[in-house]
Amino acid sequence: MPHSTKQQAYIGRFAPSPTGPVHFGTLVAAVGSYLQAKQNNGQWLLRMEDVDITRKVAGADTDILNTMEGFGFEWDGEIVYQSQRTDCYEEALEALISLSLVFPCLCSRKQLANVSDGIYPGTCRNRSLPETSEHALRVIAEDHVIKFDDAIMGRQSQDIKRQCGDFVIRRRDDLFAYQLAVVVDDALQGVTEIVRGADLLDCTPRQIYLQQLLDYPTPGYCHLPLAIDASGNKISKSEGGSTVDVKGREKLLLRTLHFLGQQPPEDLYGSNLNDIWSWAITHWEITQVPQSKKLPS
Ligand code: GLU
């Protein structure tokens, strides 16, 4: 449904982690990224972020896909599963190692728990590879301020070294860290704009830093407001909050649009799913999305 005259080849994506059923926050990220892609006449890719197999819940991927289908989302191309892309992450890791920016870290969780500000103190910075003891791999955070303009949250800036410190790119259990996997996948899939929840706003400078080291382009960013319940707590799927039920999909889609600052007209209440999507794609306005929003109880 082309509704835009913009010429740029837009590639967006939705990247859920199969750690449980779809909750309202997941739906918000799906709807926001979908509408932004559709309105830019772009592609919308679906990626299962199952890189952390220890958090994977059996059947959650199928459950998410069924919900997506039930809501009428149409994704482009094959679904990508991070668990099948270890080779790509390995290649990126080798590239970082060849820049002499990776070191083995033997620090235990317990040792790091004592660090007051939570910023890695550089304990193992002088260690080098290969390392035979059990270790994580960290990338050196150089003295570098990362700045970017988020389409919703505005100008952002983070001093990687001081505010974050050297960060893990491969864990002690040999699994690649989300930070590396997401950067590699977005680059290899040609993603031009990332629309996702604001819980990831804080990770974005680390991801941009990795993009710069790996010579990848930096996509645009739009961080959507988090779904906060009436008492101000984030609704997260691990807490089992607000699981999405396809049965009430029309109402829920309208509620999501409203949450995202869009103003569906009264006569759309009672309409079918197609009509709601059609209205939403035509009228989607990212500039209307608020920076934060409470859900009514
Ligand atoms: N997999 C992440 C999640 O479900 C989203 C990652 C991203 O969009 O970059 O919270």
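The notes below deal with the structure included here. All of these numbers come straight from a predicted model, not from anything done at the bench.

What to know about the site of the ligand
The environment of the ligand is formed by 10 residues, the closest being Arg 13, Ala 15, Ser 17, Glu 49 and Arg 196. Here the shell around the ligand is built from residues that sort into 5 nonpolar, 1 polar and 4 charged.

A few points about the packing of aromatic side chains
The geometry of an aromatic ring pair is captured by the separation of the ring centres together with the interplanar angle, meaning the angle of the planes. Counting across every chain of the model gives 12 aromatic pairs. Ring centres of Phe 24 and Phe 259 lie 5.4 Å apart, and the angle between their planes is 85°; this geometry places the pair in the edge-to-face category. A residue pair is termed long-range when its members are at least 10 positions apart, and Phe 24 in helix α1 (residues 24–39) and Phe 259 in helix α8 (residues 249–259) qualify at 235 residues. Both residues of the pair, Phe 24 and Phe 259, count as buried. Ring plane angle 40° and centroid distance 6.5 Å describe the contact between Phe 71 and Phe 73, whose orientation is recorded as tilted. Relative accessible area serves as the criterion here: at 0%, Phe 71 is assigned to the buried category. Members of the aromatic cluster, each reached through a chain of ring pairs, are Phe 14, Tyr 34, Trp 44, Phe 71, Phe 73 and Trp 277. Sitting above the plane of the Tyr 120 ring, Arg 138 keeps its charged end 3.8 Å from the centroid. Between the NZ or CZ atom of Arg 255 and the centre of the ring of Phe 24, over which it lies, the distance is 5.0 Å.

Comments concerning the packing of α8 against helix α9 (residues 273–283)
Running from N to C, α8 and α9 point in directions that differ by 15°, and their axes come no closer than 10 Å. As summarised for this structure, α8 and α9 are arranged roughly parallel, according to the angle between their axes. Seen along the crossing, α8 lies across α9 with a hand that is left-handed. Taking contact as the criterion, the partners of Arg 249, Glu 250, Leu 253, Leu 254 and Leu 257 in α8 are, on α9, Leu 273, Ile 276, Trp 277, Trp 279 and Ala 280. Of the residues that constitute the contact of α8 with α9, the class distribution is 8 nonpolar, no polar and 2 charged.

Section: the side chain of Asp 150
Along the chain, Asp 150 falls in strand β6 (residues 145–150). No salt bridge is formed by the buried Asp 150; the nearest opposite charge belongs to Arg 196, separated by 7.3 Å. One polar contact links the side chain of Asp 150 to the main-chain amide nitrogen of Met 153, over a distance of 2.8 Å. At a separation of 2.6 Å, a polar atom in the side chain of Asp 150 contacts the side chain of His 223. Excluding anything up to four places from it in sequence, Asp 150 contacts Gln 156, Leu 201, Tyr 221, Cys 222 and His 223.

Cut-off values and rules
Residues numbered from 1 in each chain as written. Predicted model: local features only at pLDDT ≥ 70, side-chain atom pairs only at ≥ 80, totals over all residues. Heavy atoms only, no water. Near = heavy atom within 4 Å. Nonpolar A, V, L, I, M, F, W, Y, C, P; charged D, E, K, R; others polar. Phe/Tyr/Trp six-rings, centres within 6.5 Å; stacked < 30°, edge-to-face > 60°. Helix = DSSP H or I, 4+ residues; strand = E, 2+ residues; numbered from the N terminus. Buried < 20%, exposed > 50% of the residue type's maximum accessible area, 1.4 Å probe, protein only. Lys NZ or Arg CZ within 6 Å of the ring centre and 35° of its normal. Axes fitted to C-alpha atoms, helices over the stretch in contact; angles between N-to-C directions. Parallel < 35°, antiparallel > 145°, perpendicular 65-115°, else oblique. Left-handed = near helix turned anticlockwise from the far one by under 90°. Contact = heavy atoms within 4.5 Å. Lys, Arg positive; Asp, Glu negative; His and termini not counted. Salt bridge = Lys/Arg side-chain N within 4 Å of Asp/Glu carboxyl O. Polar contact = N/O pair within 3.5 Å; in protein donor to acceptor, adjacent residues only side chain to side chain.

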